[in-house]
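Observations on the three-dimensional arrangement
Now for the letters of each chain:
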Amino acid sequence: MLEVGNLVKIYETEREEPAGGVFDIAFEVKQGEFFTLLGPSGCGKTTTLRCVAGLEQPDRGSIVLAGEVLFDGATGVHVPMYDRDIGMVFQSYAIWPHMSVFENAAYPLRVSRRIRYGRAEVTQRVERVLEMMGIARYKDRSATQLSGGQQQRLALARALVREPKLLLLDEPLSNLDAQLREQMRTELKRIQGEWGVTTIYVTHDQGEAMSLSDRVAVLNQGRIVQIGPPDEIYDLPRSEFVANFIGRTNLFRGRLQDGVPAGGSAIVTSEIGPMRCRFAGMSEAGRDITFVVRPENVIMSRGKADDTAAPAGENCVKGLVSSRVYLGDVAEYAIDIDGMRKVIARAHPAIGIGPGERVTVQFPAERTIAICE
Amino acid sequence: MATELDVTDAAEMARQSAVRAKPRKLQFSPLVLLLCVILAILIIPPTFFLVDVSFHTTRPDGSMGDFTLGYYKALFTGRFFLPALINTAIYAVGSAVVALALGVTQAVLVERTNTPGRQYVVLGSIIALGIPNILHVVAWLLILGRSGPVNAALQHAFGSAVGINVYSMWGMIVIEGVNFVPLTFLLMSSVLRATDASFEEASMMSGARPLTTFRSITLRMGLPGILALLLLVFIRAFESFEVPALVGLAGNINVLTTNVYQSSRGSVTPSYGDAGAYSICLLIIIVALLYLYGRLSRNAHKFQTITGKGYRPRVINLGGMKWGASVALLVMFMLVTGLPLLILVFTSLQPFYDGVTPDAFGRFSFDNYREVLGPGSFRDAIANTLILGAATATLVVPFTALCAWLAARRRPGAWLLDQLASLPLVFPAIVMSVAFLYVFVNLPVPLYGTLLSVIIASTVRYMPYGMRYAYAGVLQIHNELEDASMSAGARRSSTFLRIVMPLLATPMISSWLLIFLLAVQTVSLPLMLVGPGTEIVAVSLFDLWQNGQVTELASMGIAWVCLMTVVSTTFYYVTRRYQLTI
C-alpha cells in the first residue's frame, strides 16, 4: 500500500548547520498492516510521519501510496497534504473548539472536493463513525465539553470518516493517564482490525509498539536500525541500541572461537566465560562479538553451600545474589559474577532466593543471542 | 500616537480575582493594608471630588456651595450632550474600523505569509511609539489641510473649487484610525502567534485547502479576539482627546472629552460643575464598555490553547502576490510613520508653512532648530518631561511589582489591591486631569502647578499598565521557586527580594520603558495641571499649534522624536532579546 524510499529531510539551524532530521529512510507497509515507528525523542519518527502526511516536504526520496506518487525528489512531484487520501490523528487531538462534535467529524466530508457528499450521506457516515467510537450520544455537544479520552475518539472518528487509504497516528496515547492508555490501546487495536485500514503509528513507548503492531521499525538518530515483527525485534535484536532500547537486557562482549554459518550456534569466549550463542547471520572466526540474554530467560538455581566445583551444564556460571527487587508480578535479581559483572535475572517472586545467597546462573543457548549487525 | 496598552487584562484580572478571592471575613496582611491605604489616598480623593463637584454649585472663590442637580439637568436637557454623545460614538466606531482593517491586515501579512520585508514591521511599530500622538495629528493636518500638498495637488488637477476639508468627522476618523494601527497590529500579532498550528494542520489533513482552512478555522477561532480588539479600540477612541481637540473643534464637532475640556476652561470662569457632570457620565459609559470588554476577551482566551509541541503556525505562500503585499506593507508604513515624519522634517526647515511647493525647497534653513534647541523654555520642557517620565515609571514599576506579587500569591486582602490599582483605567485622561486639578486647587499644601502634581497624576494613571505587566510576569514565576526559598529558611520578604525581583527584572525593564514612553507623550493628562515653569513637551506642542506656530512645533517635535527613538529602539531590543510579548 505505501512505499517509502530513500527519504531524506535535514533540518538546519539558522547558521545552516545540520540539526537533525532523517537520513535514507525506507520501508513498506502492506494493505491493512499496523506499522509502528518506534524510537527515543529526536530519532526522526515524527518527521518521517509528517513527510508521509505531506506536512513537511522531504529533501530527497520518494513516497508512493497505492500506486500514486505523493512525493518524488527526482521529478519534483509533491502532492499537497489536502489532496492526499490520508487521515491523521494529532498528538494534541486538535479538536476544533468552535464546532460541535458532529461538525468536527463531518468537516472532512464537507470540505471534500474530489467527491461531493450529500447532506443525507454526511449524516449517515458521521453517525456511523461516531457510533463506532462510542461517542454518538455527544454528537450535538460543543467539542470542548468532551473529556481527554472522548476527544481522542473524536479525533480518530474525524480521521476515519472519509475511509482513507492510510491512517497516521502521532503518539495519540501520550496525553492519557496510565489506565486510560491501556483501555484506548485495546480499543485502537480493535477498531483498526475492524476497519482494516493501513496504519502508521508513532510512539516512544515500547509497550504500545509491541502490543499493537504487526511490524515495528526502530529508529535512532534519523535512521531505521531494524524492521520486523515485535517478537523478532525483541528476541533477535540486530544492534546494541535495539537490544538496550527494547526491554531490559544483559549485554556481554567476547570473541568468537570458530567460524559459524547463518542460523548456527557457536562458543564465544567472553568476560564471564565461554558461552554458546545463537547467530542469525554468518560470522568468521576471531571476530569481536556482543551477545545479549533477556533477564526473564536467565535460569537461576541454588548452589550448595560448600560447592566449589565448576558448575555443570552449558552456559553456566556461579554467582552471588547482591539484591532482590520485588515488583509484584516478578522479582528482579542482581547477581554478581566474580565480584565484577552483574547479571539481571527475573523470576517468579515465590522463588525464595534472597540477597547473599550463592546461585548458579544459566543462559539457555537458544536464547543467548549474538548481535549481528 | 495613541498606542496605549491592551488594558483588558488588568480589568479582567481585577474582575476575576474579585470573583475568585472573595474572603469569608475581611482579612488583610499588614503590608497589604499599608499598600491599600497608599492607593486609596491617591485614587479616592479625585474620584470623590469629581462626584462632589458635579452635585454642588461652585462659589466664586472656588469652594463648594449647595447641593444641586442643576448640572445634570442642564446636561441632559441641554442641546450639547446628545449630539456630543452621537459624535463620539460615530467617531469611535469609525476609527476602530479603520484601525482594525489596517492593523489586522498588517498582522496577517507579517505573521502568516511570506511577504518580503515583514520582519521590519514590528520595529517600525515600536519606533512609532516614540512619536507623540499630538505630533502625528499635526503632521496629518499639515498634509491634508487647506494649504497642504494633497489639496494643492487636487486643485492643480481639478481646479480651485475642489478640495478636501480635513476638519470634519471623516478627517477625525481617518487620522485617529491610522494613529491606532501600531496598537492593533501589535495586539493582533501576539494573538496570531499564539495560535496552535495543529488546528490548521488537522484541517488540511482533512482535505481543506489553505484558503478554506483560513476561513473556517483560523478566522473563525480568532473572531472573539478580533471583536474584543474592536471594542478596545472603540473604548480608546471614546476617551481620546488630541484628535477631537485639534481636528474636531476646528470643524465644530464636539465629543464628550472636548466638552469636559471646554467646560473646565470656561468662557468666563471655569465651570467645574459642568465638567464634573460630563466626566461622571463619561465614566459610567466607560465602565459599562470595559465590563463588556472583559466578558468578550474571556471568551477569546477560551479558544486559544497552546500546546508544548512548538510547531509554529503554517506560513501561507503568496507566490507572485508577495511583492504586492510587500508594497502594501510599505504603504502602511508610510501612512503611519513615514509621511508624518517627512512632512514634519520638511516643515521644520521652513520659516513658515505654505504647503509643499518648489519655492519651499529653496527656503530650507536650520533656524528653527537653532532657536528651539538654544537656551529657552524648550530645554526646560525636555528636562521636565524626562523627569516626568522617569519618575512615573520608577514609581509605578516597583510598586505594582509588589502589588501584583501579593495579588497573584493571594495574600489576605490582596484582591483589594488588585481592584484599586486597576481602578484608574476607567478614567479618561482628560477627566483625571480635571479631577486632580480640583484636588490640588483645594489642598492646603501648595501642590498646584508643580511638576510633582503632574507626576502624581501620571503615576495614578499608569498604575494599571504596570499592574498588567507585573501580573503577567509574576504568573510566569512558578510557585515552587518561592516555596523552595521559604523551605530553605528565607522569610517572605527575603524571598521577594532575592528570588522574585531578579526574576521579574526583564519584564520590569520592559514595563519601565513602555510606561516612560506613554507618560511623556500624553497631552490631556498634564494639560490642566501644568503652568509656567512646569512646561512639558507634549503640552508645549499643543500650545504651539493653538498659536499657529507650526514651524517651531515641527522642529521641536523632530528633536523630541530623535530623543525618543533611542528609548523606543531600546524597548524593541529588550523585548526581542528576552522574547517578551508586548
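This is a predicted model, so every value here is computed, not measured.

**What about the overall build of chain A?**
Assigned secondary structure in chain A consists of eight helices and 21 strands. Going through the 373 residues of chain A one by one, you find that 39% of them count as buried. Counting contacts in chain A only where the partners sit at least 6 residues apart, residues at least 24 apart contribute 64% of the total.

**Observations concerning the interface of chain B and chain A**
Taken together, the contacts link 17 residues of chain B with 18 residues of chain A. Listing elements by their share of the side of chain B that touches chain A, those giving two or more residues are α9 (197–205) and α10 (210–238) of chain B. Broken down by element, the residue count for the side of chain B that touches chain A peaks at six residues, all from α9 of chain B. Taken together, the residues of the side of chain B that touches chain A sort by class into eight nonpolar, five polar and four charged.

**Considerations on the sheet that holds strand β17 (residues 316–326) of chain A**
Residue and element names in this part refer to chain A. Taken in spatial order, the five strands of this open sheet run β16-β20-β17-β18-β19, and their pairing is antiparallel. The open sheet is flanked by β16 (299–302) and β19 (341–347), the only strands paired with a single partner. Strand-to-strand twist in this sheet, taken as the mean axis angle between neighbours without regard to direction, amounts to 40°. As paired elements, β17 and strand β20 (residues 358–362) share five bridges and run antiparallel to each other. For Gly319, the partnering residue across the bridge sits in β20 and is Val359.

**A short note on helix α14 (residues 322–348) of chain B**
All names here are of chain B. End to end, α14 covers 37 Å across 27 residues, agreeing with the expected 39 Å (1.5 Å per residue, within 8%). If you look at α14, its biggest bend is around 55°, right at Met334. Listed in full, the buried residues belonging to α14 are Ala325, Leu329, Met332, Phe333, Val336, Thr337, Pro340, Leu341, Ile343, Leu344, Thr347 and Ser348. Buried-residue contacts for α14 involve α4 (81–112), α5 (121–128), α6 (133–144), α8 (169–193), α16 (367–373) and α25 (550–577).

**Brief notes about the sheet that holds strand β10 (residues 215–220) of chain A**
Residues and elements named next belong to chain A. The sheet built from six strands is open, its strands ordered β7-β8-β9-β3-β10-β11 with mixed pairing. Each of the sheet's edge strands pairs with one partner strand only, and the pair in question is β7 (86–89) and β11 (223–228). Averaged over all pairs of adjacent strands, the angle between strand axes in this sheet comes to 20°, irrespective of strand direction. One ladder, built from five bridges, connects strand β3 (residues 34–38) with strand β9 (residues 198–203); its direction is parallel. Following the sheet pairing, Thr36 is matched in β9 by Tyr201.

**Some details on the confidence of the model for chain B**
Residue and element names in this part refer to chain B. For chain B, per-residue confidence averages 83 on the pLDDT scale, and 91% of positions sit at 70 or higher. Taken element by element, chain B is modelled with least confidence in helix α1 (residues 8–20), mean pLDDT 50, and with most confidence in α6, mean pLDDT 92. For residues 1–8, every residue scores under 50 in pLDDT, and the model assigns this stretch 30 contacts once sequence neighbours within four places are set aside. Below a pLDDT of 50 lies the segment residues 305–309, which in the model reaches eight contacts outside its immediate sequence neighbourhood of four places, other chains included. In the predicted complex, the global pTM is 0.76; the interface-specific ipTM is 0.77.

**Examining the nonpolar core**
Ala404, Leu417 and Ile515 of chain B are the most contacted members of the largest nonpolar core, which totals 171 residues. Setting aside anything within four residues of it in sequence, one finds Ile515 of chain B in contact with Thr392, Ala393, Val396, Val397, Tyr462, Tyr465 and Gly466 of chain B. Counting 105 residues, the second-largest nonpolar core is a separate cluster that includes Val52 and Met88 of chain A together with Phe199 and Met204 of chain B.

**Focus: the pairing of strand β14 (residues 273–278) of chain A**
Residue and element names in this part refer to chain A. In this structure, strand β13 (residues 265–270) lies alongside β14, joined through six bridges in antiparallel fashion. Residue pairing in the sheet places Ser265 in a bridge with Arg278 of β14. What sits between the antiparallel neighbours β13 and β14 is a turn of two residues.

Reading guide: rules and limits
Residue positions are given per chain, counted from 1 along the sequence in the order it is written. Numbering of ligands from 1 and lettering of chains from A proceed in the order in which they are written. It should be noted that, the model being predicted, local features are given only for residues of pLDDT at least 70 and side-chain atom pairs only at 80 or more, the latter also being counted only at that level, while totals for whole chains, interfaces and linings use all residues. Runs of H or I in DSSP of at least four residues are treated as helices and runs of E of at least two as strands, each being numbered from the N terminus. The exposure label follows from counting other C-beta atoms within 10 Å of a residue's C-beta, where the C-beta atoms are placed from the backbone and the thresholds are 20 or more for buried and 12 or fewer for exposed, leaving partly exposed in between. Residues are scored as being in contact if the C-beta atoms we place from backbone atoms lie within 7 Å. Lys, Arg, Asp and Glu make up the charged group, whereas Ala, Val, Leu, Ile, Met, Phe, Trp, Tyr, Cys and Pro make up the nonpolar group; the residues left over, Gly among them, are polar. Paired strands are those between which DSSP finds at least two bridges. The angle between two axes is taken between their N-to-C directions and runs from 0 to 180 degrees, where each axis is a line fitted to C-alpha atoms and a helix contributes only its stretch in contact. Multiplying one less than the number of residues by 1.5 Å gives the expected span of a helix. Think of it this way: the bend at a residue is just the angle between two axes, each fitted to seven residues, one set ending at that residue and the other starting at it. The predictor attaches a confidence to each residue, and that confidence, scored 0 to 100, is pLDDT. A set of buried Ala, Val, Leu, Ile, Met, Phe, Trp, Tyr and Cys residues, joined to one another through C-beta atoms within 7 Å, is what we call a nonpolar core.

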